[in-house]
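# Fold and geometry: a report
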Amino acid sequence: MELRKDPITMSWVIIEGPEENGITPDDCPLCPGNDSGLQSIYSSPYNHPNWQVRVVPHLHPVYRIEGDAMRCGEGLYDKMRNLGAHEIVVETPDHALPLSQQPPEKIAQVLQAYVSRIADLKKDRRFRYITVFRNQGQSAGQDLSHPHSEITATPFIPRRIGYELRSAQRYFDLKERCLICDIVKQEISQQVRTVDSTDQFVALCPFASRVPYETWVLPAYHHCHFEEDLTSPESQLRFARFLKTILQRLESVTPAYHLVLHSSPNTNAKFEQAGSWKTLSDDYHWHFEILPVIASKSKSYSLKEVYYNSLPPEDAAAELRSIAIPAAKISGAG
Ligand SMILES: [Zn+2]
Ligand SMILES: [Zn+2]
Ligand SMILES: [Zn+2]
């Protein structure tokens, strides 16, 4: 496996040889009892046989942690080794319990695992960015059926984050305001694309949604680093409660989605030019993006380069807002 840089768009592409495809064992490798061979990177409670959340190395990692990136040229092209970290966050010992059906206290423990792993991986100066994501449902590429998220650390900043960071910086240069704070303010005052909000958090279908029911979940206040913001059990629980109801709404329209955290890059990474993140803490704003995968709504002729979305976000938000969340599920155990 290696990483190649497209010299035109400057984005990195993972090139995998055909022999490296992962196999799915019959027995779930993440269930308690089958997982004793896996090294524990993190567990909650700490080092406890009856763990509730556990982080282990990915069984078929896209990235490998040893060594350095060995960047090299091939004529005008750039490539490097697949240096990085690839971890699995096992969200519950219960194979059949989806994240959205866990009580908020348990979802908060998953958030704490994200916080802890991001903070730890950012200490490694080889990594420019830490990505937290989860693929739910086979059509979203979920490879292991046990409820889990994934964390990767990479020596490059993923393309879409790069775009966001540049836009946020440019907007701040121009207006001395955070772009996402301004979006949140406008959406809350218009109430057209908002799905739900509290005094702390808001969920909305973005103005230029790429897919039907695309939903962002974000703090209504400003903060750029997820792992420095949601550090207290209280804040994790508040966000867990909110996220749970949004996932429940989305799951009533689609079983499959990608969820990805967008947060600040590693400002301590090697080779970062001093000053390039001068305004980062003022200009960037962490958020989760949820991209449902709806097979019946995806057009076969749609070009990958231009998103084709057949459902206006205003209609999507109205529909998601109108979904009744069962009271028992909202309260859960908290
Ligand atoms: Zn399992
Ligand atoms: Zn902001
Ligand atoms: Zn984003």
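In a regular helix each residue adds 1.5 Å, so twelve residues correspond to 16 Å; helix α3 (residues 179–190) covers 17 Å between its end C-alpha atoms and thus fits that length. Along α3, the positions that sit buried rather than exposed are Ile-180, Cys-181, Asp-182, Val-184 and Glu-187. Contact partners of the buried residues in α3: α2 (159–175), β10 (194–197), β11 (201–204), β12 (215–219) and β14 (287–292). Just downstream of α3 lies Gln-191, where phi reads positive at about 55°.

For the rest of this paragraph, the subject is the side chain of Asp-35. You can see Asp-35 is positioned in the loop between β2 (12–15) and β3 (42–44). Judged by relative accessible area, Asp-35 falls into the buried class, the value being 7%. Among the polar contacts listed, one links the side chain of Asp-35 to the side chain of Trp-51, at a separation of 3.5 Å. Setting aside chain neighbours within four positions, we find Asp-35 in contact with Pro-29, Leu-30, Trp-51 and Arg-54.

A word on the coordination of the zinc ion (ligand 2). Looking at the zinc ion (ligand 2), one finds its protein donor set to be Cys-178 (SG), Cys-181 (SG), His-222 (ND1) and His-285 (ND1), positioned 2.0 to 2.3 Å from the metal centre. Taken together, the four donor atoms coordinating the zinc ion (ligand 2) and their angles of 104 to 117° define a geometry best described as tetrahedral. Spacing between the donor residues of the zinc ion (ligand 2) along the chain follows C-x2-C-x40-H-x62-H. You can see Cys-178 sitting in the loop between α2 and α3 and its partner His-222 sitting in the loop between β12 and α4 (226–229), a full 44 residues away along the chain.

This next bit is on the state of the cysteines. Going through the model one piece at a time under the given rule, you end up with zero disulfides. Left without a disulfide partner, Cys-205 is nearest to the cysteine sulfur of Cys-181, which lies 20 Å away. Judged by relative accessible area, Cys-205 falls into the buried class, the value being 0%.

Once that is clear, we can look at the nonpolar core. Membership of the largest hydrophobic core comes to 54 residues, with the highest contact counts inside it found for Val-217, Phe-226, Phe-239 and Phe-288. In terms of residue count, helix α1 (residues 104–121) provides more of this core than any other element does, nine residues in total. In this view, Phe-226 contacts Leu-111, Tyr-114, Val-115, Ile-118, Leu-261, Ser-263, Trp-286 and Phe-288; residues no more than four positions away in its chain are not counted. By size, the runner-up hydrophobic cluster in this structure holds nine residues, among which are Leu-30, Cys-31, Leu-38 and Trp-51.

What follows covers the sheet that holds strand β6 (residues 77–81). Taken together, four strands build an open sheet; the order of strands is β2-β1-β6-β5 and the sheet is antiparallel. Every other strand in the sheet has two partners, leaving β2 and β5 (72–74) as the edge strands with one partner each. Here the strands of the sheet are splayed against their neighbours by 35° on average, with no regard to which way each runs. Sheet topology note: the β5/β6 ladder contains three bridges and is antiparallel. Along β6, the bridge assignment pairs Cys-72 with Lys-79.

Donor atoms from the polypeptide that bind the zinc ion (ligand 1) are Cys-28 (SG), Cys-31 (SG), His-95 (ND1) and His-146 (ND1), placed at 2.0 to 2.3 Å. Here the zinc ion (ligand 1) is ringed by four donor atoms whose angles at the metal span 104 to 117°, and the overall shape comes out tetrahedral. Here the donor residues for the zinc ion (ligand 1) map to a single chain with the spacing C-x2-C-x63-H-x50-H. Placement of the pair is Cys-28 in the loop between β2 and β3 and His-146 in the loop between β8 (129–136) and β9 (148–154), with a sequence separation of 118 residues. In this structure, Cys-28 and His-146 share a single accessibility class: buried.

The terminal C-alpha atoms of α2 lie 24 Å apart, and with 17 residues this matches the ideal 24 Å at 1.5 Å per residue to within 8%. Looking only at α2, the buried set comprises Ile-161, Gly-162, Glu-164, Leu-165, Ala-168, Tyr-171 and Phe-172. With its phi angle positive at about 55°, Glu-176 sits one or two positions after the end of α2.

Quick look at the pairing of strand β13 (residues 257–262) now. With five of its six residues buried, β13 lies for the most part within the structure. Relative to β13, β8 runs antiparallel, the two being bridged by five bridges. What sits directly across from Gln-136, in β13, is Tyr-257. Examined bridge by bridge, β13 and β14 share six bridges and lie antiparallel to one another. Bridging across to β14, Leu-259 finds its partner in Ile-290.

Further remarks concern the confidence of the model for the protein chain. On average, the protein chain scores 88 in pLDDT, and the residues at 70 or more come to 91%. Confidence over residues 19–25 falls short of pLDDT 50; this stretch has five contacts with residues more than four positions distant or in other chains.

Attention now moves to the pattern of salt bridges. Oppositely charged side chains can form a pair if their charged atoms are brought close together. Applying the stated rule across the entire model yields 17 salt bridges. Here Glu-164 ties to Arg-160 by a salt bridge, and the two come within 3.9 Å at their closest N and O atoms. Pair noted here: Glu-164 and Arg-160 are both in helix α2, with a separation of four residues, about one helical turn. Each of Arg-160, Glu-164, Arg-210, Glu-214 and Glu-289 takes part in salt bridges that share partners, so that together they form one network.

Calculation notes
- Residues numbered from 1 in each chain as written.
- Chains lettered and ligands numbered in written order.
- Predicted model: local features only at pLDDT ≥ 70, side-chain atom pairs only at ≥ 80, totals over all residues.
- Heavy atoms only, no water.
- Helix = DSSP H or I, 4+ residues; strand = E, 2+ residues; numbered from the N terminus.
- Expected span 1.5 Å × (residues − 1).
- Buried < 20%, exposed > 50% of the residue type's maximum accessible area, 1.4 Å probe, protein only.
- Contact = heavy atoms within 4.5 Å.
- Polar contact = N/O pair within 3.5 Å; in protein donor to acceptor, adjacent residues only side chain to side chain.
- Donors = N, O, S within 2.8 Å, 3.2 Å for Na, K, Ca; no water.
- Tetrahedral: all angles 85-135°; square planar, octahedral: opposite > 155°, others 65-115°.
- Disulfide = S-S within 2.5 Å.
- Core = buried A, V, L, I, M, F, W, Y, C linked by side-chain atoms within 4.5 Å.
- Pairing = 2+ DSSP bridges.
- Axes fitted to C-alpha atoms, helices over the stretch in contact; angles between N-to-C directions.
- pLDDT = per-residue confidence, 0-100.
- Salt bridge = Lys/Arg side-chain N within 4 Å of Asp/Glu carboxyl O.

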